[in-house]
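Architecture at a glance
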Amino acid sequence: MQYNSTELMTVVASRILKNSDVCFVGIGLPSAACNLARLTHAPDITLIYESGTIQTKPDVLPLSIGDGELCETALTTVSVPEMFSYWLQGGRITVGFLGGAQIDKFGNINTTVVGDYHKPKVRLPGGGGAPEIAAFCHTIYVIMKQSPRAFVEKVDFITSFGHGDGPGQRKAMGLNTSGPSKIITDLCIMETEEATGEFIVTSIHPGVARETIQENTGWKIRFAEEVAITDVPELEELEALRLLNEKTKMAHQG
Amino acid sequence: MKRCFLIIDMQAKIQTLQEAIATHLFDGATVAMEGFTHLIPFAAGHEIIRQGFKNLELVRMTPDMIYDQLIGAGCVRKLRFSWGGNPGVGSLYRLREAIEKGYPQPLEVDEHSHAAMAAAYAAGASGMPCAIFKGYYGADLEKVNPSIKTLACPFTGERLVAVPAIRPDVTIIHAQKASKKGDVSLEGIVGVQKEAVLAAKAAIVTVEEIVDELQPSSPNAVILPSWTVSAVVHVPGGAKPSYAHGYYSRDNKAYMDWEAISKDRERFNEWLQELKSTDYAV
């Protein structure tokens, strides 16, 4: 069955989620991946959106982080201060998803500005929940399309901290969480190399050449000793994802 | 006699939108209009634009379409915020143009994370001068915003962060219901509205419905007693195109359509002229 790169990324991201995970879900691809996991292999996964909705089971994907659908299908809805203090800062969340305009080889992410902060070339939305999601979720998965403009040697601004410029920095700051551990792109899967804190390629999507990955990465990318070939999406996964997207599109067009 | 006073007090509280905005807003005021995607007080924001207030210092976690409109209309000097996008759609172009090009006037930003803003509202409501929490680990925002400071926990030495409490001159929210006496109830995604109202010197609440008696669905419903609120205004539909749980859903299409209006100065100005030429109709 044919699939596009967005579908592939979403399916790959959904597969790494476990039934026992408690996910802090962001809008867009993370939301699609988390709900796909819930509709396929992880029916009891706990999804939490920063608007305060806990254990939510939306029938269509929300356009915003606080669509009514999230509250109506949640076990409970708490206030935003409670969400960030008790649930996130309190260490209750196992997985956080992040994306951004730029990421570097240590998983530091920029969603704030391109150029100088005080005189930005492009003003991006900013951090929102990301700085503390990156700190307090037990682990972080990143979903981003790969391009040399997005995968850069050094981000213009660290909105959310990955591994700084090497291993051990998180621990030195008093953080016991792993930080970004996987990046899922439209070309490959990267994982943190423990010894260096750097992201290296551990799985290549079917039909993608190593050169293509390097061309779309702004740093000298390294490959793991054993690189896997990513399993293609299965029929069942693609059907569930397409149905979800179709229902969502109909709902948003009003 | 006593009864009579009570009635007078009631009447003072329930105002029209024009009266409430004219009574409590002033040029240069610090104003928080909250509602986390849900219950955003759009009608009140539009009335601020119509009355032409200037140099406001706006506070809001997610500026959203409502502050894009106020910024584009030239009402705003400063913005304290934590995420400035059009949710699920993209940029807020009036906000971006103010920051990137100083149009229609330069916009001073006081930028934080959601966790910091939420803690700062709670601190404001608690009468604290600042909020203390754990956050901003390795984040550059701490380097560019002088109102983010670190301190050591006096007991453990752990690194903590402090940001100034939010104490608005006026907080404006939209809620589902108020009683004739002025008690307010809201439900669904309740965001930071309770904190924002209790942190403010004055609070205006627009509501979908005014009822004889509030009948909260649970003793733990979010209730703001009348004596915490300065003005209650009956504004059905006052949160559109955001939504009011139990009344109407989010007009996601309007948010998608805003992209094209916000992106183009001329189209935005047409939108603005249209807004100024129409009164809010109940």
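So, here is what we can say about the structure in this document.

Conventions adopted
- Residues numbered from 1 in each chain as written.
- Chains lettered and ligands numbered in written order.
- Predicted model: local features only at pLDDT ≥ 70, side-chain atom pairs only at ≥ 80, totals over all residues.
- Heavy atoms only, no water.
- Pairing = 2+ DSSP bridges.
- Helix = DSSP H or I, 4+ residues; strand = E, 2+ residues; numbered from the N terminus.
- Contact = heavy atoms within 4.5 Å.
- Axes fitted to C-alpha atoms, helices over the stretch in contact; angles between N-to-C directions.
- Buried < 20%, exposed > 50% of the residue type's maximum accessible area, 1.4 Å probe, protein only.
- Polar contact = N/O pair within 3.5 Å; in protein donor to acceptor, adjacent residues only side chain to side chain.
- Core = buried A, V, L, I, M, F, W, Y, C linked by side-chain atoms within 4.5 Å.
- 1 Å grid on protein atoms, 1.4 Å probe; cavity = no way out; pocket = protein on both sides within 12 Å on 5 of 7 lines; lining within 4 Å.
- Points joined across faces, edges and corners; volume = space filled by probe spheres on them.
- Nonpolar A, V, L, I, M, F, W, Y, C, P; charged D, E, K, R; others polar.

Let's talk about the sheet that holds strand E4 (residues 76-77) of chain A
Residues and elements named next belong to chain A. In space, the 10 strands of this open sheet follow the order E4-E3-E2-E1-E5-E10-E11-E12-E13-E14, with mixed pairing throughout. Two strands lie at the open edges of the sheet, namely E4 and strand E14 (223-229), each paired on one side alone. As paired strands, strand E1 (residues 22-25) and strand E5 (residues 95-98) are joined by 2 bridges and run parallel to one another. Bridged to Phe-24 within E5 is Gly-96. Packing of helix H1 (residues 5-15) onto the sheet brings it into contact with E5, strand E10 (139-143), strand E11 (180-184) and strand E12 (188-192), and relative to E11 it is tilted by some 150°.

Section: the side chain of Asp-21 of chain A
Residues and elements named next belong to chain A. Note on placement: Asp-21 falls in the loop between H1 and E1. Judged by its relative accessible area of 4%, Asp-21 falls in the buried class. Polar contacts involving the side chain of Asp-21 include one to the main-chain amide nitrogen of Lys-18, which spans 2.9 Å. Not counting residues within four places of it along the chain, the set of residues in contact with Asp-21 comprises Ile-16, Ile-45, Thr-46, Thr-94 and Val-95.

Focus on the nonpolar core
In terms of nonpolar packing, the biggest core is built from 88 residues, with Leu-17, Phe-24 and Met-190 of chain A together with Tyr-121 and Tyr-136 of chain B touching the most fellow members. Take this core: its biggest share by element is 8 residues, from helix H6 (residues 114-125) of chain B. Leu-25, Met-65, Leu-79 and Ala-231 of chain B belong to the second largest nonpolar core, which has 44 residues in total.

Notes on empty space enclosed by the protein
Applying the stated criterion across every chain yields a total of 1 cavity of 30 Å³ or more. As for the largest cavity, its lining consists of Arg-123, Leu-124 and Pro-125 of chain A together with Phe-81, Gly-84, Ser-91, Leu-92, Leu-95 and Arg-96 of chain B. Along the lines of polarity and charge, the residues of the lining of the largest cavity split into 5 nonpolar, 2 polar and 2 charged.

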